[in-house]
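# Understanding the architecture of this molecule
Spelled out, the chains give:
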Amino acid sequence: MSVKTIAGVAVNISEEGYLEDMSQWNEEIANEIAKEIGIELTPKHFEVLNYLRDKTAAKESLTIRGVGKSGIVTIKELYGLFPKGPLKFSSKIAGIPKPTSCI
Amino acid sequence: MKNLLILGAGTSGTMMANHLRSKLYLNKWNITIVDQYKTHYYQPGFLFLPFDTYTENQVKKVGEKFIPMGVNYIQKKIEKILPKENKVVLEDETLNYDVLIIATGSKIAPEETEGLVGPLWKKDIFDFYTYEGSLALRNKLRTWEGGKLVVHITEMPIKCPVAPLEFAFLADSYFRKKGMRDKVDITYVTPLTGAFTKPTCSTALAYLLKEKDIHLQSDFAIEHVDNDTKEIVDYEDRRIPFDLLVTIPTNMGDEVIERSGLGDDLNFIPTDHNTLQSKAHENIFVIGDATNVPASKAGSVAHFQAETLTDNILLYIDGYPLKKEFDGHANCFIETGNNKALLIDFNYVTEPVHGKFPFAKIGPLQLLKESVFNHWGKLAFRWIYWNMLLKGIAIPFVSRNMSFKGKVFDIKPDEK
């Protein structure tokens, strides 16, 4: 774990660049992480990000399928918003932990 | 008399019947367990069956043998749970309960992916998460002449999340032994960011894929199977060709959970992570693969949960607050081929680390390192499963909560 200043805020991040504490997140931080990945955020992106954050706060597991059923976007649209790894990038931008397996 | 009802006589349900029958007074509590199937499978064996390491008879027994005396065993289909009325409807009778334990597990749902159950299903596309699938795959492998083998995970969560990787490792060894490894191209396809997703593991284990010449395709969320071109296709139209596809289909909880309106969109039941009480009904408890807790869906997890849940059922019955005890503890052997295995020990928050297990500094088992001893441990586990685990006998020196003794936190993850 290390501390990194993103959008003027010192946040704790994992070695892979994911926020350790989702309460440190704000929209400017999201924009800056997205820019590093090469994504320009739109209101639709933020709808997805807020959905992911709500689910995480409620301790529910995140799946691509779940996002597809959320009524916000289809899975295809999710890929359109976050190309080449929708869960990986959306969770990083949303300031929540990376989806992992047990190893 | 009061009624404690257990739904499902798999690993979790059978353990709970054994734990509770010895702890609840016979003249106060009836215990009933319901399961529609006669056969109890040793599911970890499904990994070995395709490679002719185990025979059919080593992975299945009659389930009733493991239900203790004094427990009423009903082999019938469960139609619906009626939580407001404290009743469970079976195919031709209705049972009342005071306390309900749901242990209905999870199973594959290949029909969730378009084109999976098509013309190639059980011809060139197989699962090994069912007895039938594993056996069909064994018969296929016995005569397969080689080509592109794709080992594929549809989506998380799945039962035994390391099994697909173990399958790829064991396939490498199997084809080497048959002298045909040069004819087989192995690709491992995952919806996650890599074969290893935890920093300690990717640092310690990344060499394995290289050593075994297994190709990796990550961040692949399957959209459909193209049966004409023999390719799996993701939502960005990335295509991966196969001659033989070994897939882990979507895993879902039992349909009875959906019929009863108790589950999430994968039919897993919202469950308190630490007490194992269902979130919606205080007299319903959930254990094993049927829960939505973010622990691995694995027998070892069910075993540790069973110890906590037994205590919590007794506390609940007597009106005491429940113990917030379960920590997500899992302890899993991972076969890496060539008669070696890894052992990992972790919980909700602590990643697998190096060390010795179960005795600090002594072992004999090595954590997160390949060893022959670990492989023997995995094979010995089949005996432990049938003779100790199902009967609810505690495994000596292995505690329900993860222990930090003997753990060495020496892995410095790579900077990325």
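Residues numbered from 1 in each chain as written. Chains lettered and ligands numbered in written order. Predicted model: local features only at pLDDT ≥ 70, side-chain atom pairs only at ≥ 80, totals over all residues. Heavy atoms only, no water.

## Thoughts on the overall build of chain A
Selection rule: Per the convention used, a helix needs a DSSP run of H or I reaching at least four residues, while a strand needs a run of E reaching at least two, with both numbered from the N terminus. Atoms counted for the radius of gyration: C-alpha only. Globule rule: 2.2 Å times the number of residues to the power 0.38. By definition, residues are in contact when any of their heavy atoms lie within 4.5 Å. In this tally, Lys and Arg are treated as positive and Asp and Glu as negative; His is ignored, and so are the chain termini. Positions of charges follow a simple convention, taking NZ of Lys, CZ of Arg, CG of Asp or CD of Glu.
What chain A contains, in helices and strands, is five helices and two strands. Starting at the N terminus and walking to the C terminus, you meet the elements of chain A as β-β-α-α-α-α-α. Relative to the 2.2 N^0.38 estimate, which gives 13 Å for 103 residues, the radius of gyration of chain A is 13 Å and therefore close to what a compact globule would have. Contacts in chain A between residues at least 24 apart in sequence constitute 47% of all its contacts with a sequence separation of at least 6. Side-chain charges of chain A comprise 13 positive and 13 negative groups, with the mean position of each set lying 9 Å from the other.

## Quick look at helix α2 (residues 43-57) of chain A
For the α-helix, the turn length of 3.6 residues means that residues three or four positions removed from each other point alike. All names here are of chain A. For clarity, the cut-off: In this scheme, a helix's expected span is set at 1.5 Å multiplied by one less than its residue total. Each residue gets one of three labels from its accessible area relative to the maximum for its type: buried under 20%, exposed over 50%, partly exposed in between, using a 1.4 Å probe on protein chains only.
Helix length check: α2 (15 residues) gives 21 Å between terminal C-alpha atoms against 21 Å at 1.5 Å per residue, within 8%. Buried within α2 are the following residues: His-45, Phe-46, Val-48, Leu-49, Tyr-51, Leu-52, Arg-53 and Thr-56. On its buried face, α2 sits against α1 (27-37), α3 (64-68), α4 (75-81) and α5 (86-94).

## Some remarks on the environment of Thr197(B)
Turning to its location among the elements, Thr197(B) is positioned in the loop between β13 (184-189) and α4 (199-205). Taking the relative accessible area as the measure of exposure, Thr197(B) reaches 1% and is therefore buried. The contact partners of Thr197(B), leaving out residues within four places of it in the chain, are Lys98(A), Thr100(A), Ser101(A), Ile103(A) and Leu192(B).

## Digging into the interface of chain B and chain A
Threshold: Buried area is calculated as the accessible area (1.4 Å probe) missing from two parts once they are joined, with the contributions of both summed. Here, a salt bridge means any side-chain nitrogen of Lys or Arg that lies within 4 Å of a carboxyl oxygen of Asp or Glu. When residues are grouped by polarity, Ala, Val, Leu, Ile, Met, Phe, Trp, Tyr, Cys and Pro land in nonpolar, Asp, Glu, Lys and Arg in charged, and all others, Gly among them, in polar.
Each side of the interface is counted separately: chain B has 35 residues, and chain A has 21 residues. Interface area for chain B against chain A, summed over the two sides, is near 2,500 Å², with a carbon-plus-sulfur share of 56%. At the junction of chain B and chain A, the tally comes to three salt bridges. In this structure, the salt-bridge partner of Lys88(A) is Asp219(B), at a minimum N-O distance of 2.8 Å. Those elements giving two or more residues to the side of chain B that touches chain A turn out to be α4 and β22 (340-346) of chain B. Here the side of chain B that touches chain A is composed, by residue class, of 20 nonpolar, five polar and ten charged.

## Thoughts on unusual backbone geometry
The residue after Met156(B), namely Pro157(B), is reached through a cis peptide bond having omega 0°. Along the chain, Pro157(B) turns up in the loop between β12 (147-153) and α3 (163-177). The amide bond that connects Phe357(B) to the next residue, Pro358(B), takes the cis arrangement and shows omega of -5°. Take Pro358(B): it is sitting in strand β23 (residues 354-359). Although it is not a glycine, Ala7(A) sits at a positive phi angle of roughly 50°. Turning to its location among the elements, Ala7(A) is positioned in the loop between β1 (2-6) and β2 (9-13). Under the relative-accessibility criterion, Ala7(A) is labelled partly exposed at 30%. Phi at Lys361(B) is positive, roughly 70°, even though this residue is not glycine. Residue position: Lys361(B) is located in the loop between β23 and β24 (363-367). With a relative accessible area of 77%, Lys361(B) lands in the exposed category.

## Considering the sheet that holds strand β25 (residues 407-408) of chain B
All names here are of chain B. So the rule is basically this: Here a strand pair is declared whenever DSSP counts at least two bridges between the two strands.
Strand order in the open sheet made by the three strands is β24-β23-β25, with antiparallel pairing throughout. Of all strands in the sheet, those with a lone pairing partner are β24 and β25, marking the two edges. As paired strands, β23 and β24 are joined by five bridges and run antiparallel to one another. What sits directly across from Phe-357, in β24, is Leu-365.

## Some thoughts on the domain arrangement of chain B
Residue and element names in this part refer to chain B. Note the threshold: Each domain span listed reflects an automatic or database assignment of domains. Throughout this description, a polar contact denotes any pair of N or O atoms lying within 3.5 Å of each other; where both atoms belong to protein, one of them has to be capable of donating a hydrogen while the other can accept it, and for residues adjacent in sequence the pair is counted only when both atoms sit in side chains.
Partitioning chain B into domains gives domain 1 (2-105 + 254-317), domain 2 (110-251) and domain 3 (331-408). Put simply, the middle of domain 1 and the middle of domain 3, counted by C-alpha atoms, are 25 Å apart. The interface is formed by 30 residues belonging to domain 1 together with 21 residues belonging to domain 3. Buried surface at the junction of domain 1 and domain 3, summed over both partners, amounts to about 2,300 Å²; 64% is from carbon and sulfur atoms. Summed over the shared surface of domain 1 and domain 3, the result is two salt bridges. Of the charged contacts, one joins Arg-400 and Glu-307 as a salt bridge, the two residues approaching to 3.4 Å between their closest N and O atoms. Between the two partners, domain 1 and domain 3, sit seven residue pairs in polar contact (both at pLDDT 80 or more). Looking at the side of domain 1 that touches domain 3, the elements with two or more residues in it are α1 (11-21), β3 (39-41), β4 (60-62) and α7 (299-317). If one sorts the elements of the side of domain 1 that touches domain 3 by residue count, α7 sits on top with six residues. For the side of domain 1 that touches domain 3, a count of residues per class yields 13 nonpolar, 13 polar and four charged.

## So, the pairing of β23(B)
All names here are of chain B. Two strands pair when backbone bridges link them, and β23 and β25 are joined in this way by two bridges, in the antiparallel orientation. Considered in β25, the bridge of His-354 is made with Val-408. In this structure, the hairpin formed by β23 and β24 is closed by a connection of three residues, where Lys-361 is found at a positive phi of approximately 70°.

## Re the nonpolar core
Note the cut-off: Take the buried residues of types Ala, Val, Leu, Ile, Met, Phe, Trp, Tyr and Cys, join any two whose side-chain atoms come within 4.5 Å, and each joined set is a nonpolar core.
Within the largest apolar cluster, 100 residues are counted, with the highest numbers of intra-cluster contacts made by Leu4(B), Ile101(B), Phe128(B), Leu149(B), Phe167(B) and Phe175(B). Of the residues forming this core, the biggest block, nine residues, is contributed by α3(B). Once residues lying within four places of it in the same chain are set aside, the contact partners of Phe167(B) are Leu47(B), Pro50(B), Phe51(B), Phe128(B), Leu137(B), Val151(B) and Val246(B). Of all hydrophobic cores here, the second largest spans 32 residues; its members include Leu49(A), Phe82(A), Phe89(A) and Ala94(A).

## Considerations on the pattern of salt bridges
Residues and elements named next belong to chain B. As enumerated under the stated definition, the model contains 29 salt bridges over all chains in all. Between Glu-211 and Lys-212 there is a salt bridge; the shortest N-O distance is 3.6 Å. Salt-bridge contacts for Asp-226 lead to Arg-239; the nearest nitrogen and oxygen are separated by 3.3 Å. With a gap of 13 residues between them, Asp-226 in strand β15 (residues 222-226) and Arg-239 in strand β17 (residues 239-241) connect regions that are remote in the sequence. By relative accessible area, Arg-239 is classed as partly exposed at 36%.

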